Structure formats: structure tokens, C-alpha cells
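# Observations on chain architecture
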Amino acid sequence: MNILVTGAAGFLGRRLIEALLQRGTLTDRQGTERPISRIVGFDVVPLSGIDDGRVQAVCGDIADPQVLEGLIDTRTDSIFHLAAVVSSQAEQDFELGMRINFSATQALLERVRALGTCPRWVMTSSVAVFGGRLPAQVEDGQVWAPQSSYGTQKAMNDLLLADYSRRGFVDGRSLRMPTIVVRPGKPNRAASSFASGIIREPLNGQDSVCPVPLDTRLWLMSPMQAINNLILGHELPGARLNEGRVINLPGLSITVAEMIDALRRTAGDEVAGRIRLESDPAIERIVASWPGSFTARYAKSLGFTADHDFADVIGQFIAEYPPQTD
Ligand SMILES: NC(=O)c1ccc[n+]([C@@H]2O[C@H](COP(=O)([O-])OP(=O)(O)OC[C@H]3O[C@@H](n4cnc5c(N)ncnc54)[C@H](O)[C@@H]3O)[C@@H](O)[C@H]2O)c1
């Protein structure tokens, strides 16, 4: 199998490549399980630290048509399209968001259409496609009404992928991901960045700011579930996707107060006491527009899975990134 991963140096891209290497096989579009012979890991920042002869790191801007041309050819069996600029960044810089999140996706799909090989295509959509008046629990048929440019760009990608799949240009699957926590490293420019920050920073002995009210309800997924679900999304035969190519994934519905409580139970009062509430109206507005719970009935019927206990999610993070408190 020849695989392209865009956004390869990012949080999910790197983990996905590591998981694919460990797994060793994927199913091709004819339904045959085949060894993974090559993974092109593409990103605008260098992909380093993966030492495996099957991985070819390619650095470039996905919005550059010449770069796109060289990324895939008739041998490309599967594409995991993860490259994007995150929500707050896309809100602050409209042109950048449109160019990277939408136009580049369209150009990549056009490249695939021109090749005529109909590869499998998995991409990551977002709960940010929803907004406005929402029920307490969002059903699969909920009308999309994004309240941000990022959400609009993801929604446009979903529509495009559904139509390219209907026409047989690509065998696409767009997975609407919950917010993935706990993310390692530094805060990023996603409006949801605090959801990891309020766990990660206190565990590492640092103060953290929570910019939204404690009763804010979030829809979350651990990195491990996210990667398992991305791979499952690839492996499902097209014939099973009879309710569409855009799938709301299951997740864990939890308030910020409950997250902090789980941190307190796991790591103690002193650690949980490092979180300071400080309202940020811009973040609050974006986050409040996202649904906090979904039925995800279609996804569950296809075998996608969710976390059940946030303390376990914190435990996974601690096991992988032991606290660095000096
Ligand atoms: N992490 C989450 O909570 C979450 C939730 C829903 C959806 N998603 C989506 O999942 C995907 C991956 O998310 P992530 O958390 O790994 O994000 P990330 O920011 O860690 O990774 C995205 C990668 O895309 C790359 N990129 C940005 N601009 C590029 C360009 N011009 N050319 C090539 N590469 C470029 C970045 O360098 C980065 O490595 C994104 O599409 C994101 O929108 C993530």
C-alpha cells in the first residue's frame, strides 16, 4: 500500500504514521489487506524522528499546485488528509484558512479526479460545522450551521468529498472528530486549546487559564481513540457507508467542571488548583457554538468507538508523558 498523509508532522498525523507502521497493513480499494510499503508524510514543517525506511518525509505548502502535483500518482492507494490551520487561526486570517483548509482540499481532490484511480480518502472534519440553535444531543441528521470560518471550511470540504465520492472520483470518508485531548506540547491556536491546557499544564507544575465558564460542555476524544477511529474509517468497505460519507464520531460528553474534578481525583488538589478562570469572549463565543453531545448512531453502527471515563484519558496522558515538574 502506498499512502499519503498530509499534516504528517502534526499531533494526529505523526501518531497516525506511527500506528500505521506498527500495524503494517491496510485494506486496498478492492478489499484486499496489503502490506504498507510506503508512506509519504507531507507537511509544511519537517517531519523528523520517524526512522523507518517505509516513510518518505516531504516538506512543502499544500496550497502550492506544483507541490500537490508531485504528491500523488496512480500508485497512491490511500490518502489521509489532515493538513489544516486550526480554528482560531482560520478565524483571525480568513484568506489563510480558505487557502489551506478549503482550496487546497479542493485542489487535492481535483488531482485525484484527474488521475482517475479512485483512492481511499480519509479526512478529519469537525463539530465546528454545527452551530446556532442545537438540541442537547445532536442527531446525525442535524442541519449544519457553522459559526466560524474554520467550521465553514470543514463543512464545504464535507460537501465536496460527499459529491466526489458519489461520482466515483474518490472513495471518501470524512470523520467529524470531537476535540482531541490531552494534546502534548505547547498550547496551539485552536479555540479548544485550553481543553488540553487545563490538564497538561497543571500536571507539569504550571498555571493554566480556563477561558470558558465551568458549565461549558465539550465533546471529547482521546488521541488513542482518534487514531483507532481514523484507521477504522479507512478500513470500512465503501458498501457499508450507506448513510453517507460524512460521519459524526462518538465521543465523551463532559463539562469543564467535570474535567477539572477528574484531574483533582487523579492528581490532587494542588494540581487542580493551578487552573485559573479568566473569561476570553472570543474563545467563549466559538466554543459555545459547538455541540457538547451527539448520538453518533451511524458511527456506532459502523463500529467507531468512544472513551467512557475522562480519568482514564488523563491516565493515558500521564503514562505517555510523565509529568515534568522540575
Ligand atoms: N485535534 C483536534 O482536536 C481536532 C478536532 C477536529 C478536527 N481536527 C482536524 O484534524 C486534523 C489534524 O489535527 P491536528 O490536531 O493534528 O492539527 P495540527 O495543527 O497538529 O496538525 C496539522 C498539520 O497541518 C500542517 N499544515 C498547516 N498548513 C499547512 C500547509 N500549508 N501545507 C502543509 N501542511 C500544513 C501543520 O504544519 C500541522 O503539522 C486537522 O484537519 C484538524 O482540523 C482536529
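Refer to the structure above for everything that follows.
Residues numbered from 1 in each chain as written. Predicted model: local features only at pLDDT ≥ 70, side-chain atom pairs only at ≥ 80, totals over all residues. Heavy atoms only, no water.

It is worth spelling out the site of the ligand at this point. Asp43, Asp61, Tyr150, Ile180 and Arg183 are the nearest of the 26 residues found near the ligand. Asp43 places a polar side-chain atom, nitrogen or oxygen, 2.6 Å from an oxygen atom of the ligand. Compared with its free state, where it exposes 820 Å², the ligand has 88% of that area covered by protein. Listing elements by their share of the shell around the ligand, those giving two or more residues are helix H1 (11–23), strand S4 (38–43), strand S7 (120–126), helix H5 (149–166) and strand S9 (179–180). (Near = heavy atom within 4 Å. Polar contact = N/O pair within 3.5 Å; in protein donor to acceptor, adjacent residues only side chain to side chain. Areas by Shrake-Rupley, 256 points an atom, 1.4 Å probe, with all protein chains shown as cover. Helix = DSSP H or I, 4+ residues; strand = E, 2+ residues; numbered from the N terminus.)

Moving on, we come to the environment of Gln324. By the secondary structure assignment, Gln324 is in the segment after helix H12 (310–320). Residue classification places Gln324 among the exposed positions, given a relative accessible area of 57%. (Buried < 20%, exposed > 50% of the residue type's maximum accessible area, 1.4 Å probe, protein only.)

Attention shifts here to the sheet that holds S7. As summarised here, the arrangement of the 7 strands in space is S5-S4-S1-S6-S7-S8-S12, forming an open sheet in which the pairing is parallel. Edge positions in the open sheet fall to strand S5 (55–59) and strand S12 (246–248), since each of these has one partner strand only. Averaged over all pairs of adjacent strands, the angle between their axes in this sheet comes to 20 degrees, without regard to strand direction. Where strand S1 (residues 2–6) and S4 come together, 5 bridges link them in parallel fashion. When the bridges of S4 are listed, Thr6 appears paired with Phe42. (Pairing = 2+ DSSP bridges. Axes fitted to C-alpha atoms, helices over the stretch in contact; angles between N-to-C directions.)

Here the focus is the pattern of salt bridges. A side chain with one charge may pair with a side chain of the opposite charge, provided their charged atoms come close. The tally for this structure, following the rule as stated, stands at 22 salt bridges. For Asp28, the salt bridge identified is with Arg34, shortest N-O distance 3.2 Å. Overall, Asp28 belongs to the buried group, its relative accessible area being 5%. Linking Glu278 and Arg276 is a salt bridge whose minimum nitrogen-to-oxygen distance equals 3.0 Å. (Salt bridge = Lys/Arg side-chain N within 4 Å of Asp/Glu carboxyl O.)

Omega for the peptide link from Val181 to Val182 comes to 5 degrees, which places this bond in the cis form. Within the secondary structure, Val182 sits in the loop between S9 and helix H6 (193–203). One non-glycine residue with positive phi stands out, namely Cys118, at about 50 degrees. Mapped onto the elements of the fold, Cys118 is located in the loop between helix H4 (94–115) and S7. Non-glycine residue Ala296 carries a positive phi angle of around 50 degrees. Secondary-structure assignment places Ala296 in the loop between helix H10 (281–288) and helix H11 (297–302). Judged by its relative accessible area of 0%, Ala296 is buried.

Any aromatic ring pair is given by two values, namely how distant the centres are and how the planes are angled relative to each other. Applying the stated criterion across every chain, the model contains 4 aromatic pairs. Relative to Phe294, the ring of Trp219 lies with its centre 5.3 Å away and its plane at 40 degrees, an arrangement referred to as tilted. Of this pair, Trp219 sits in strand S11 (residues 217–221) while Phe294 is found in the loop between H10 and H11, placing the two residues 75 residues apart along the sequence. The pair Trp219 / Phe294 is uniform in exposure class, with both members buried. Of the aromatic side chains, those joined through ring pairs into one cluster are Phe130, Trp219 and Phe294. Above the face of the Trp144 ring, Arg176 is positioned so that its terminal group lies 4.5 Å from the ring centre. (Phe/Tyr/Trp six-rings, centres within 6.5 Å; stacked < 30°, edge-to-face > 60°. Lys NZ or Arg CZ within 6 Å of the ring centre and 35° of its normal.)

If you look at the biggest cluster of nonpolar residues, it comprises 63 residues, and the most contacted ones within it are Trp121, Phe194 and Phe310. In terms of residue count, H4 provides more of this core than any other element does, 7 residues in total. Counting only domains with at least three residues in this core, you end up with domain 1 (2–178 + 221–248) and domain 2 (193–217 + 252–320). Sequence-distant contacts of Phe194, that is, excluding residues within four places in its chain, are made with Val209, Cys210, Pro211, Val212, Leu218, Val256, Ile283 and Val287. (Core = buried A, V, L, I, M, F, W, Y, C linked by side-chain atoms within 4.5 Å. Domains from an automatic or database assignment. Contact = heavy atoms within 4.5 Å.)

In this model H5 runs 26 Å from its N-terminal to its C-terminal C-alpha over 18 residues, within 8% of the 26 Å that 1.5 Å per residue would give. Residues of H5 that are buried include every one of Ser149, Tyr150, Gly151, Gln153, Lys154, Ala155, Asn157, Asp158, Leu160, Leu161, Tyr164 and Ser165, and no others. Tucked into the core, H5 has its buried residues touching helix H3 (87–92), H4, S7, strand S8 (171–177) and S12. Two residues or fewer past H5, Gly168 is found with a positive phi of approximately 80 degrees. (Expected span 1.5 Å × (residues − 1).)

What follows deals with the packing of H1 against helix H7 (residues 223–235). Closest axis-to-axis distance for the H1/H7 pair is 10 Å, and the angle between their directions is 65 degrees. The handedness of the crossing between H1 and H7 is right-handed. Contact with H1, carried on its side by Phe11, Leu12, Arg15, Leu16, Ala19, Leu20 and Arg23, involves Pro223, Ala226, Ile227, Leu230, Ile231 and Glu235 of H7 and no other residues of that element. Its residues assigned to classes, the contact of H1 with H7 shows 10 nonpolar, no polar and 3 charged. (Left-handed = near helix turned anticlockwise from the far one by under 90°. Nonpolar A, V, L, I, M, F, W, Y, C, P; charged D, E, K, R; others polar.)

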